[in-house]
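Each chain, written out:
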Amino acid sequence: MLPDLKEKVDGLRDSAIEILSKIIEIKAISPDSGGEGELKKAEKIESHLDGFDVERLDVKDDRAYGGVRPNILARIRGEQKRTIWIVSHMDVVPEGDERLWNTPPFRAVVEDGKIYGRGSEDNGQSLVASLIAGKAILELGLTPYYTLGLAFVADEETGSKYGIQELIKRGVFEKDDLIVVPDGGTPKGDMIEIAEKSVVWFKFSVFGKQTHASMPEKGLNANRMAMEFLLGIDRALRDKYSKTNPIFQPPVSTFEPTKREANVDNVNTIPGLDVSYMDCRILPEYNVDEVIEFVNRMKEGFEKEKGCRIEVEVVQREFSPPTDENSEVVRVLSRAIESVRGIRPGVYGMGGNTCGAFFRKAGFQTAVWSTVDNTAHQPNEYCRIDNLVEDAKVFAYLPFVRL
Ligand SMILES: [Zn+2]
């Protein structure tokens, strides 16, 4: 059956190029970024879903064209009700500086085995790959083992409130469903992402006392206090939370002082306030609350010692539990990749947050995988057509895998 599926998918290559080219040319930018949303693109995609069980879930958003943010669910019934979902997103980011593009960003240009255009790789490639995978199964009249679910969602680029988050809230996915998010990966398609570090952003406001720089004894230099505090906390965090986990790139938690707000305008004034930020990416082995506690205790000690006041604010915080590397979704996906490509994929974790995080937070086993050159969000974004077709073969075989 696998050879038939592969052949069928190869036969759908031209059709894939045509569908992807058409949807690239329908601008689906979030109203948050000044666009009209996904409705026109969703209607185009629906016109290619003959034979699937199709359901549309519209989420109200008055700012968008049609007043809604559409989400499409397309299913092929399997022997089991349990569903393996392939979740891709319809929205794209704006083109950015158009002068950096060699081709018009919202015109699909096919050249040297690539399709250029905004959204071609992120996430058009996987969207179309999953679509032709389903088409191949339908055209062969096969019944897979798992039910195959394709979810084409809205609003991934600006927070997923009208997309994945809402679908999870409405109970679209069953607890034991398997989730594959093909929205990130490596150029060889040899790595499955199973974990993300927790993200915490701190804002530190250090209050001293402003005065003339020639008479420092009359004030308290917030700049100096902030530098001492930041260096101390930077070292203490790295010493205390020093565990390594080789599945992550890099394998340690990272604590980086980053942004610093401007303080005084002139050189001869000692600043009375210094505001700086720290970006922390913490391995899942550690409890984020405990890290925040630790920072607060350090702050109290520093305040007592130096006689300044510091406000600590957590301005961003994200946590998602890792998916077990022996979980069903990882094993099924690995088996499919190995059967189709003859490579045994590894697993890895990342410092950034993908939409897989929403699924993991809600308790779903989730694997993030695709084969991409990583041109997302860049000028001259492209999709390598071979990647689309070869990933489609993996998606087509996925619901047939029996462990
Ligand atoms: Zn994406």
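Quick caveat, the model's predicted, so the values are computed rather than measured. (Residues numbered from 1 in each chain as written. Predicted model: local features only at pLDDT ≥ 70, side-chain atom pairs only at ≥ 80, totals over all residues. Heavy atoms only, no water.)

Examining the overall build of the chain
On a plain count of helices and strands, the chain comes out with 10 helices and 17 strands. Dimensions of the chain along its principal axes, counting C-alpha atoms only, are 85 × 45 × 40 Å. Across the 403 residues that make up the chain, the buried fraction comes to 54%. For the chain, the proportion of contacts with a sequence separation of at least 24, taken over those separated by at least 6, is 80%. (Helix = DSSP H or I, 4+ residues; strand = E, 2+ residues; numbered from the N terminus. Buried < 20%, exposed > 50% of the residue type's maximum accessible area, 1.4 Å probe, protein only. Contact = heavy atoms within 4.5 Å.)

What to know about the packing of helix H6 (residues 222-240) against helix H7 (residues 288-306)
Contact pair H6 / H7: the axes reach a minimum separation of 11 Å and the direction vectors enclose 140°. Overall, the two elements H6 and H7 adopt an arrangement that is oblique. Taken as a pair, H6 and H7 cross one another with a handedness that is right-handed. Only Glu290, Val291, Phe294, Val295, Met298, Lys299, Phe302 and Lys306 of H7 make contact with H6, whose side of the interface consists of Met225, Glu228, Phe229, Gly232, Ile233, Ala236, Leu237 and Lys240. Grouping the constituent residues of the contact of H6 with H7 by class yields 10 nonpolar, one polar and five charged. (Axes fitted to C-alpha atoms, helices over the stretch in contact; angles between N-to-C directions. Parallel < 35°, antiparallel > 145°, perpendicular 65-115°, else oblique. Left-handed = near helix turned anticlockwise from the far one by under 90°. Nonpolar A, V, L, I, M, F, W, Y, C, P; charged D, E, K, R; others polar.)

Thoughts on the sheet that holds strand S17 (residues 382-384)
Sheet architecture is open: three strands sit in the order S4-S5-S17, paired in antiparallel fashion. Each edge of the open sheet is held by one strand with a lone partner, namely strand S4 (109-111) and S17. Each strand axis lies, on average, 20° off the axis of its neighbour in the sheet, ignoring direction. Of the strand pairs in this sheet, S4 and strand S5 (residues 114-116) are connected by three bridges, and their pairing is antiparallel. Within S5, the residue paired with Val110 across the bridge is Ile115. The sheet strands contacting helix H2 (residues 13-24) are S4, S5 and S17, and the helix crosses S5 at an angle near 15°. Across the face of the sheet, helix H10 (residues 385-397) comes into contact with S4, S5 and S17 while running at roughly 55° to S17. (Pairing = 2+ DSSP bridges.)

What about the coordination of the zinc ion?
Distances from the zinc ion to its protein donors, namely His89 (NE2), Asp122 (OD), Asp183 (OD) and Asp183 (OD), fall within the range 1.9 to 2.5 Å. Considering all four donor atoms around the zinc ion, the spread of angles at the metal, 53 to 143°, places the coordination shape in the irregular class. You can call His89 buried: its relative accessible area is 3%. (Donors = N, O, S within 2.8 Å, 3.2 Å for Na, K, Ca; no water. Tetrahedral: all angles 85-135°; square planar, octahedral: opposite > 155°, others 65-115°.)

Things to note about the sheet that holds strand S13 (residues 273-282)
The strands making up a sheet are joined through hydrogen bonds of the backbone, oriented either antiparallel or parallel. Spatial ordering of the open sheet is given by S11-S13-S9-S14, a layout of four strands whose pairing is antiparallel. A single partner strand is all that each edge strand has here, and the edge strands are strand S11 (254-260) and strand S14 (309-318). On average, each strand axis in the sheet is inclined to that of its neighbour by 20°, with strand direction left out of account. In this structure, strand S9 (residues 198-207) lies alongside S14, joined through nine bridges in antiparallel fashion. Residue pairing for S14: Val199 is matched across the bridge by Glu318. Contacting S9, S11, S13 and S14, H6 crosses the sheet at an angle of about 15° to S13. Strands in contact with H7 are S9, S11, S13 and S14; relative to S14, the strand with the most contacts, it is inclined by about 170°.

Considering the domain arrangement of the chain
Structurally, the chain comprises domain 1 (2-184 + 354-400) and domain 2 (198-318). Its C-alpha centre places domain 1 at a distance of 41 Å from the equivalent point of domain 2. (Domains from an automatic or database assignment.)

Brief notes about the pattern of salt bridges
Summed over the entire model, instances satisfying the criterion amount to 39 salt bridges. Notably, a salt bridge pairs Lys40 with Glu36, separated by 3.1 Å at the nearest N-O pair. Between Lys81 and Glu174 there is a salt bridge whose closest N-O contact spans 3.9 Å. A residue pair is termed long-range when its members are at least 10 positions apart, and Lys81 in the loop between strand S2 (68-76) and strand S3 (83-89) and Glu174 in the loop between helix H5 (164-169) and strand S7 (178-181) qualify at 93 residues. Accessibility expressed as a relative area gives 62% for Lys81, which makes it exposed. The partly exposed category is assigned to Glu174, whose relative accessible area is 42%. Shared partners join several salt bridges into a network, and the residues in it are Asp32, Glu38, Asp61, Arg63, Arg69 and Asp155. (Salt bridge = Lys/Arg side-chain N within 4 Å of Asp/Glu carboxyl O.)

Let's talk about H10
Under the 1.5 Å per step criterion, the end-to-end length of H10 is 19 Å for 13 residues, consistent within 8% with the ideal 18 Å. Among the residues of H10, those classed as buried are Ile385, Asn387, Leu388, Val389, Asp391, Ala392, Lys393, Val394, Phe395, Ala396 and Tyr397. (Expected span 1.5 Å × (residues − 1).)

What about the packing of H2 against H10?
It is the contact of H2 with H10, at a shortest axis distance of 11 Å, that shows an interaxial angle of 115°. Classified by chirality, the crossing of H10 by H2 is right-handed. Across from Arg13, Ala16, Ile17 and Leu20 in H2, the residues of H10 making contact are Ile385, Asp386, Leu388 and Val389. Taken together, the residues of the contact of H2 with H10 sort by class into six nonpolar, no polar and two charged.

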